[in-house]
Amino acid sequence: MTAVFRSGLVTLVGRPNVGKSTLLNQLLGRHLSISSRRPQTTRHRILGIKTLSDAQIVYVDTPGLHPETTKPLNRYMNRVARASLEGVDCIVLVTSAGRWKGEDDYPLGLVQQLHQPVVLVINKIDRLASRAELLPMIDRLRAKMNFAAVVPLSAKTGENVSELERVVRAYLPEQPPIYPADQVTDRSESDIAAEIVREQIFRRYGQEVPYASAVQVEGLRRVKGVMEIDAVIWVEKEGQKAILVGKGGESLKIVGREARLVMQRLFGCKVRLGLWVKVRAGWSASERSLQALGYREDH
Ligand SMILES: Nc1nc2c(ncn2[C@@H]2O[C@H](COP(=O)(O)OP(=O)(O)OP(=O)(O)O)[C@@H](O)[C@H]2O)c(=O)[nH]1
Ligand SMILES: [Mg+2]
């Protein structure tokens, strides 16, 4: 008898900062989706395709869901996350070990209205002082909804992540793979390069700079085995540009160097990265500017 092959979509949702992108990367075994200790790092839907001998699991990382705000960028992020729940085979609701927060109620409320199986992931168990805390925590969370399964894990260390893969596989329909076996994502190299620059900004700057920054790759070509990338970092105010660039361009140089090293590892070739910082007042508050900067629903 030949083993059945299953394939389908599994969306990771949850409030900001619970570790969805870290989990996607751990599931795939590569750095595909950017992460940082700041909430609202992910702004796009990121597809990560995992092809096994008996299944193809298409994971979808999403922006952290938060109660509706008036800011167009935040509304866009919520729309992307909500749309990523439509028509998928299984939903993974991610929360963080410790206290269930008020902000967890919003994504929970959304998935409760859907008909797909919902698997609850309790992430960051490496932070627990004692594993004895886990059982009462699981009991408390089980009472919130009829979850298909509850999986405690650590996206950071990888502990129990294979159990999640095993659980979600069972909810996929029997069908051939959706994508070619060697495809890892639907994002272009330009999209990935832009995200890697944004990751450095989220990791290196405080206060409003990360939230006022958008990155657009204007050119990407391979010349004699070297990938040449030119990108613009858009900010909203001159003051933010001054902070981003730093004294004598020092800060921007570090961002560029670190981003280039990550890109070289990921793309497997030498990278030359040119970065420019430009000001576009209020881009995150204007639907037109958002679209122009690539924040489109089909993206
Ligand atoms: N200790 C610990 N930290 C983790 C774990 N998973 C993620 N983190 C950290 O939690 C922070 C947020 O992780 P992300 O993966 O960016 O979280 P996210 O849910 O994708 O966040 P948004 O994209 O903003 O919604 C980062 O500092 C991660 O390093 C974990 O299992 N253990
Ligand atoms: Mg994320």
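Look up: the structure comes first, before these words.
Residues numbered from 1 in each chain as written. Chains lettered and ligands numbered in written order. Predicted model: local features only at pLDDT ≥ 70, side-chain atom pairs only at ≥ 80, totals over all residues. Heavy atoms only, no water.

Chemist: Any chance you could explain the overall build of the protein here in plain terms?
Modeler: The number of helices and strands found in the protein is nine helices and nine strands. Over its C-alpha trace the protein gives a radius of gyration of 20 Å, about what one expects of a compact globule, namely 19 Å for 299 residues. By the burial criterion, 53% of the 299 residues in the protein qualify as buried. Pairs at least 24 residues apart make up 71% of the contacts formed inside the protein by residues separated by at least 6 positions. Accessible surface, the protein: about 13900 Å² in total, of which carbon and sulfur atoms supply 50%. (Helix = DSSP H or I, 4+ residues; strand = E, 2+ residues; numbered from the N terminus. Rg over C-alpha atoms; globule rule 2.2 N^0.38 Å. Buried < 20%, exposed > 50% of the residue type's maximum accessible area, 1.4 Å probe, protein only. Contact = heavy atoms within 4.5 Å. Areas by Shrake-Rupley, 256 points an atom, 1.4 Å probe, with all protein chains shown as cover.)

Chemist: Is there a simple way to explain the layout of surface pockets in this structure?
Modeler: The method is simple in principle: a probe with the dimensions of a water molecule rolls over the atoms, and the space it marks as empty is what remains. If you add up the space inside the largest pocket, you get close to 420 Å³. Residues belonging to the lining of the largest pocket are distributed by class as follows: five nonpolar, 12 polar and seven charged. (1 Å grid on protein atoms, 1.4 Å probe; cavity = no way out; pocket = protein on both sides within 12 Å on 5 of 7 lines; lining within 4 Å. Points joined across faces, edges and corners; volume = space filled by probe spheres on them. Nonpolar A, V, L, I, M, F, W, Y, C, P; charged D, E, K, R; others polar.)

Chemist: Just to check I follow, could you spell out the sheet that holds strand S1 (residues 6-13) for this structure?
Modeler: In a beta sheet, neighbouring strands are held together by backbone hydrogen bonds and run either parallel or antiparallel to one another. In spatial order, the strands read S2-S3-S1-S4-S5-S6; together these six strands make up an open sheet with mixed pairing. Two strands in the sheet have a free side with no partner beyond their single neighbour: strand S2 (46-51) and strand S6 (149-152). The sheet shows a mean angle of 25° between the axes of neighbouring strands, taken without regard to direction. Across six bridges, S2 lies against strand S3 (residues 55-61) in antiparallel orientation. Each residue of the ladder has a partner; that of Lys 50, found in S3, is Ile 57. Packed onto the sheet, helix H5 (residues 161-169) meets S1, S2, S3, strand S4 (90-96), strand S5 (118-123) and S6 and runs at close to 110° relative to S3. (Pairing = 2+ DSSP bridges. Axes fitted to C-alpha atoms, helices over the stretch in contact; angles between N-to-C directions.)

Chemist: Teacher, can you tell me more about the side chain of Thr 95 here?
Modeler: On the secondary structure map, Thr 95 appears in strand S4. Only 3.3 Å separates the side chain of Thr 95 from the side chain of Asp 104, close enough to count as a polar contact. Those residues in contact with Thr 95 that lie beyond four places of it in its chain are Val 18, Trp 100, Asp 104, Leu 120, Val 121, Ile 122, Asn 123 and Leu 141. (Polar contact = N/O pair within 3.5 Å; in protein donor to acceptor, adjacent residues only side chain to side chain.)

Chemist: Which parts of the structure should I look at to understand the packing of helix H6 (residues 189-204) against helix H8 (residues 250-267)?
Modeler: Running from amino to carboxyl end, H6 crosses H8 at an angle of 135°, the nearest separation of the two axes being 9 Å. Overall, the two elements H6 and H8 adopt an arrangement that is oblique. The interaxial crossing formed by H6 with H8 has right-handed handedness. Each of Glu 189, Ile 192, Ala 193, Ile 196, Val 197, Gln 200, Ile 201 and Arg 204 in H6 lies in contact with H8, whose residues at this interface are Ile 254, Val 255, Glu 258, Ala 259, Val 262, Met 263, Leu 266 and Phe 267. Considering only residue class, the contact of H6 with H8 consists of 12 nonpolar, one polar and three charged. (Parallel < 35°, antiparallel > 145°, perpendicular 65-115°, else oblique. Left-handed = near helix turned anticlockwise from the far one by under 90°.)

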